[in-house]
Amino acid sequence: MIVDKYYGLIEAVLFYENEVVSVDKLTKLTGLDSAKVEEILMAIKNSYDENDVHGITLAEIAGGYVFQIKKDISLDFKQIYNVRERGKLSRSAMTVLSIIAYKQPITKSEIEDIRGVACDNSIRILLEKNLISICGRKDALGRPLLYGTTDDFLKSFNLKSLADLPTINELKSDEFNG
């Protein structure tokens, strides 16, 4: 395990920031190269994961790192502090979000063509929750808005990047195995 002043400094920065911190930001703050920062991050993560007495872990999410409560105690923690879920999404909003995640950038009419029904309300809710954002306009008649997912989407679903989304084949096989 790496134990030097930078280990403690990076750990303290992650604790203080209390949000996702990129490797680039950590290299700028510490003056270390990215390989050394990543080595220290892995040492910190391993330190928290190897010892069951810790209630937190270091998670890689949305292109950076953040401390999170370990999953095995999260329900107990939420009960102690009466933490409520951030408003669950309806089935239709979740469907629209899934379509956007896999097909982005995508227009509202393209989403409606896939679903076969209007999706105005779902898009409004997803925009309000900052799970999606307007990421441009399509170069087509009427120049419709294009939608894509946000870093908050990655954080909400504990994803490092969109590449971590399950493939369609993985999703289909889970339907038949569960």
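The rules behind the values
- Residues numbered from 1 in each chain as written.
- Predicted model: local features only at pLDDT ≥ 70, side-chain atom pairs only at ≥ 80, totals over all residues.
- Heavy atoms only, no water.
- 1 Å grid on protein atoms, 1.4 Å probe; cavity = no way out; pocket = protein on both sides within 12 Å on 5 of 7 lines; lining within 4 Å.
- Points joined across faces, edges and corners; volume = space filled by probe spheres on them.
- Helix = DSSP H or I, 4+ residues; strand = E, 2+ residues; numbered from the N terminus.
- Nonpolar A, V, L, I, M, F, W, Y, C, P; charged D, E, K, R; others polar.
- Buried < 20%, exposed > 50% of the residue type's maximum accessible area, 1.4 Å probe, protein only.
- Pairing = 2+ DSSP bridges.
- Patch = residues over 30% accessible without salt bridge, like charges linked within 9 Å, V, L, I, M, F, W, Y side chains within 5 Å.
- Areas by Shrake-Rupley, 256 points an atom, 1.4 Å probe, with all protein chains shown as cover.
- Salt bridge = Lys/Arg side-chain N within 4 Å of Asp/Glu carboxyl O.
- Contact = heavy atoms within 4.5 Å.
- Axes fitted to C-alpha atoms, helices over the stretch in contact; angles between N-to-C directions.
- Left-handed = near helix turned anticlockwise from the far one by under 90°.
- Parallel < 35°, antiparallel > 145°, perpendicular 65-115°, else oblique.

By volume, the second largest pocket is sized at about 210 Å³. Examining the composition of the lining of the second largest pocket, we find that five residues originate from one element, helix H5 (residues 91-103), more than from any other. In terms of residue class, the lining of the second largest pocket is made up of 10 nonpolar, one polar and no charged.

What follows concerns the pairing of strand S4 (residues 145-149). Most of S4 is tucked away: four of the five residues are buried. Relative to S4, strand S3 (residues 132-137) is paired through five bridges, and the arrangement is antiparallel. Paired with Ser-133 across the strands is Gly-148, a residue of S4.

On the surface, Ile-69, Ile-73, Phe-77, Ile-80, Tyr-81 and Val-83 cluster together into a nonpolar patch covering about 550 Å² of accessible area. On the secondary structure map, Phe-77 appears in helix H4 (residues 71-80). Using a relative accessible area of 32% as the deciding quantity, one classes Phe-77 as partly exposed.

Here the focus is the side chain of Thr-57. Tracing the sequence through the fold places Thr-57 in strand S1 (residues 56-61). The residues touching Thr-57, leaving out its near neighbours within four places in the chain, are Lys-45, Tyr-48, Asp-49, Val-66, Phe-67, Gln-68 and Lys-70.

The next thing to look at is the pairing of S1. Side-chain direction in a regular strand flips from residue to residue, so the side chains alternate between the two faces of the sheet. Pairing analysis gives six bridges linking S1 to strand S2 (residues 64-69), with the strands arranged antiparallel. Counterpart to Ala-59 in the pairing with S2 is Val-66. Adjacent in sequence and paired antiparallel, S1 and S2 are bridged by two residues, among which Ala-62 carries a positive phi angle near 50 degrees.

So, about the environment of Asp-72. One can find Asp-72 in helix H4. Each C-alpha atom of the pair Asp-72 and Gly-8 lies 26 Å from the other, and the pair is 64 residues apart in sequence.

Glancing now at the packing of H5 against helix H6 (residues 108-115). Between H5 and H6, whose axes approach to 11 Å, the crossing angle comes to 115 degrees. Crossing of H5 against H6: the hand is right-handed. Side by side, H5 and H6 meet where Ser-92, Thr-95, Val-96, Ile-99, Ile-100 and Lys-103 of the first sit next to Ile-111, Ile-114 and Arg-115 of the second. Per-class residue counts for the contact of H5 with H6 are five nonpolar, two polar and two charged.

With that settled, the discussion passes to the packing of helix H1 (residues 5-17) against helix H2 (residues 23-30). Running from N to C, H1 and H2 point in directions that differ by 125 degrees, and their axes come no closer than 11 Å. Taken together, H1 and H2 sit at an angle that is classed as oblique. In this structure, H1 crosses over H2, and the sense of that crossing is right-handed. Listed contacts from H2 to Tyr-6, Leu-9, Ile-10, Val-13 and Glu-17 of H1 are Lys-25, Leu-26, Leu-29 and Thr-30. Of the residues belonging to the contact of H1 with H2, the class tally is six nonpolar, one polar and two charged.

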